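Residues per chain, in single letters:
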Amino acid sequence: MNAIMAAKMRRNLEFDTPYTVTNALTQGGAETKLSALVMGLGNMAHKQVLKGLLFLAAEVAYIAFMVTNGVHNLQMLITLGSVERQEVWNEELQVFEYTAGDQSILLLLYGLATIILTGVMFWVWRGTLKSAYKAECFDKAGKHVNTFQEDLKSLLDENIYRLLMTPPMLFITALTILPLVFMICMAFTNYSKIDNHLVLFDWVGLENFAALFDSNSILGSTFWSVLVWTLVWAFFATFTNYIAGMILSIVINRKDTKAKGFWRFCFVLPCAVPMFVSLLIMRTMLQPEGAVNVLLRQLGLIAEGASLPFFTDPTWARITVIVINIWVGVPYTLLQLTGVLQNIPTELYEAAKVDGANAVQTFFRITLPYMLYVTTPYLIATFTGNVNNFNVIYLLSGGDPVTDLASTAGSTDLLVTWLYKLTIDKQYYNVGAVVGILTLSSWPSVRCSPTATASPTVKKEASEHETEKRQGHPPAQQHHRAHDFGDIGGCVDVPGVVGRPHELPRGERQLCLKLLPENLHA
């Protein structure tokens, strides 16, 4: 607890500063307070003329922009435009001419950009006040006030974080935050091909969300069916790959397996071919007149003229995409789990063999817990990736088959492929934006813990050790934990670590073993 308090105090001393906006407005001089209106005035009054002129130039440029375009952009953001494009007959040229009307999509973009620019300007305004107040405090205290050249040099020393972080933040704002906010705002409009709202559209509030959640409507029923299939697909696509890759890696890494490198090469070979090429080839082979059905007819396994409905029956199509996803995904899982298996300490298996554990007990008490401990973040990331697995579904089945002609999605469409069809094919941009928001909000956060939870045995040993220290007794002699497993069911440290479990440095990994009942000992 004392260490935590000391760390907090060090952080406060390092980052707290008296040069804040509040102090500038309450304790600053007249020139500093006037800097809130005339940016840079406080700097110019305290021998930082060039710096003050730059602040003033930024303010003048912002005011000029707001007068010429900014205020108009904010006004049009409320209405999104109302003037339609007009068709006018030109008697002299004998042609129809079109007058320029409002384009809601541009008005929405310009309005959001103006708001973000205002936020950036507010950040610059705060920096101006703090800089003016700092210059005033230094001047009154008789300290040296930095010149413009010294401020530039500081960007390569104590203020280097400003130099390195400002460009990325500007790019993130322009290329990530602005498009993301633009897409979110689109979900609250009627920007759609329906009723011809592709040029001029209006704010509609939560109508799009209500329509999507209404299971009685065609759009709502489509959404719920696609959502359920997306979750089913993500589950099976994740865990079938994981289980199949685990089985292969365990079989190949057995001591009795010969030519391990050859077998790994055979199963990893599909990685050498780009995934989209493999998927397109498989799609061609599984067509009604593809190689698979033709071969089955020639072998007499199916009737002449018949074909297996790989992509024409909903159930067959869903099973097909899951099976083919196993084929393209297992090699990557095999490589990762092979590395995990090769890092499991052999001493654990030797101790389990001495304790009389069979292969099943060894797998469920040593191999599986160790693999899950290491690969749980990978499983979560893979699940979220499969929720948005566009390539496999779109390139393999294209979302087909479509069983309801009134629906905008097929039987194998995921949320992400349905989103593509809504926006690119159907031009339902408002509904697509809603689906995008729901897809984005469904991503779970991944949190990796550096340590495993200690078992009650370890906690008991730690408590007894602390009691001995308080009573003045010398602590028990340290011993190597690589081969000393203590009570069956206790925690085993990674080989090579010396000391009691509670004496291990923070972050050391531990593995809890419960090979046999608690009343049995080696």
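Visitor: Honestly, the packing of helix α8 (residues 160–186) against helix α19 (residues 429–441) in this entry has me stumped. Any pointers?
Guide: To describe two helices that pack against each other, one gives the angle between their axes and the distance between the axes. Following both chains from N to C, one finds α8 and α19 inclined at 120°, their axes separated by 7 Å at the closest point. Classified by the angle their axes make, α8 and α19 are oblique. Judged by the sense of rotation from one axis to the other, the crossing of α8 with α19 is left-handed. Residues L180, M183, I184 and M186 of α8 lie in contact with α19, whose contacting residues are Y429, N430, A433, G436, I437 and L440.

Visitor: Where do I start with the environment of L335 in this structure?
Guide: The topology assignment puts L335 in helix α14 (residues 314–341). Separated by 89 residues in the primary sequence, L335 and M246 have C-alpha atoms spaced 9.7 Å apart.

Visitor: Quick question: what am I supposed to make of the pattern of salt bridges here?
Guide: Two side chains of opposite charge can pair, provided their charged atoms sit close to one another. Using the criterion set out here, one finds 5 salt bridges in the structure. The partner of K51 in a salt bridge is D151, and the shortest N-O contact between them spans 3.5 Å. Of this pair, K51 sits in helix α5 (residues 49–79) while D151 is found in helix α7 (residues 148–154), placing the two residues 100 residues apart along the sequence. Residue D151 is classed as buried on the basis of its relative accessible area, which comes to 15%.

Visitor: Any chance you could explain the environment of L50 here in plain terms?
Guide: Inspection of the secondary structure assignment puts L50 in helix α5. By relative accessible area, L50 is classed as partly exposed at 43%.

Visitor: Explain the confidence of the model for the protein here, please?
Guide: Detailed reading of the predicted model is not advised wherever pLDDT is low. Per-residue pLDDT for the protein has a mean of 83; in total, 81% of the residues score no lower than 70. Of all helices and strands in the protein, the one with the weakest mean pLDDT is strand β4 (residues 510–512) (41), whereas α5 scores best (96). Below a pLDDT of 50 lies the segment residues 444–471, which in the model reaches 34 contacts outside its immediate sequence neighbourhood of four places, other chains included. In the predicted structure, residues 473–522 sits below a pLDDT of 50 and forms 98 contacts with residues beyond four places in sequence or in another chain.

Visitor: Is there a simple way to explain the pairing of strand β2 (residues 95–99) in this structure?
Guide: Two faces, one strand: in a regular strand the side chains alternate between the faces of the sheet. Two elements, strand β1 (residues 86–90) and β2, share 5 bridges in a ladder whose sense is antiparallel. Bridged to Q86 within β2 is T99. Connecting β1 to the next strand, β2, in antiparallel fashion are 4 residues, including Q94 with a positive phi near 60°.

Visitor: Even after reading the chapter, I still don't get α14, so can you show me in this structure?
Guide: Since one α-helical turn is 3.6 residues long, residues separated by three or four positions face the same way. If you check α14, its first and last C-alpha atoms are 38 Å apart, about what 28 residues at 1.5 Å a residue would give, namely 40 Å. At G329, α14 shows its largest kink, close to 45°, and the proline P331 lies no more than four residues downstream.

Visitor: It is not clear to me how the side chain of T257 should be interpreted in this structure. Could you clarify?
Guide: Inspection of the secondary structure puts T257 in the loop between α10 (218–252) and α11 (260–268). In terms of polar contacts, T257 uses its side chain to reach the backbone carbonyl oxygen of V251, at 2.6 Å. Non-local contacts of T257, meaning those with residues more than four positions away in its chain, are made with V251, I252 and W263.

Visitor: Would you mind showing me how to read the packing of aromatic side chains here?
Guide: Given two aromatic rings, one states the distance between the centres and the angle between the planes to describe the pair. Inspection of every chain in the model, using the stated rule, returns 19 aromatic pairs. When the ring of Y191 is compared with that of Y429, the centres are 4.7 Å apart and the planes differ by 20°; the resulting orientation is stacked. Taken together, the residues Y191 in the loop between α8 and α9 (207–213) and Y429 in helix α19 connect sequence positions 238 residues apart. Ring centres 5.4 Å apart and planes at 65° place the aromatic pair F390 and Y420 in the edge-to-face group. Of the two residues, F390 sits in helix α17 (residues 390–396) while Y420 sits in helix α18 (residues 415–425), which places them 30 residues apart along the sequence. The exposure class of Y420 is partly exposed, given its relative accessible area of 29%. Of note, K143 hangs over the ring of F138, and the distance from its end group to the ring centre comes to 5.4 Å.

The rules behind each value
Residues numbered from 1 in each chain as written. Predicted model: local features only at pLDDT ≥ 70, side-chain atom pairs only at ≥ 80, totals over all residues. Heavy atoms only, no water. Axes fitted to C-alpha atoms, helices over the stretch in contact; angles between N-to-C directions. Helix = DSSP H or I, 4+ residues; strand = E, 2+ residues; numbered from the N terminus. Parallel < 35°, antiparallel > 145°, perpendicular 65-115°, else oblique. Left-handed = near helix turned anticlockwise from the far one by under 90°. Contact = heavy atoms within 4.5 Å. Salt bridge = Lys/Arg side-chain N within 4 Å of Asp/Glu carboxyl O. Buried < 20%, exposed > 50% of the residue type's maximum accessible area, 1.4 Å probe, protein only. pLDDT = per-residue confidence, 0-100. Pairing = 2+ DSSP bridges. Expected span 1.5 Å × (residues − 1). Bend = angle between axes of the 7 residues up to and from the residue. Polar contact = N/O pair within 3.5 Å; in protein donor to acceptor, adjacent residues only side chain to side chain. Phe/Tyr/Trp six-rings, centres within 6.5 Å; stacked < 30°, edge-to-face > 60°. Lys NZ or Arg CZ within 6 Å of the ring centre and 35° of its normal.

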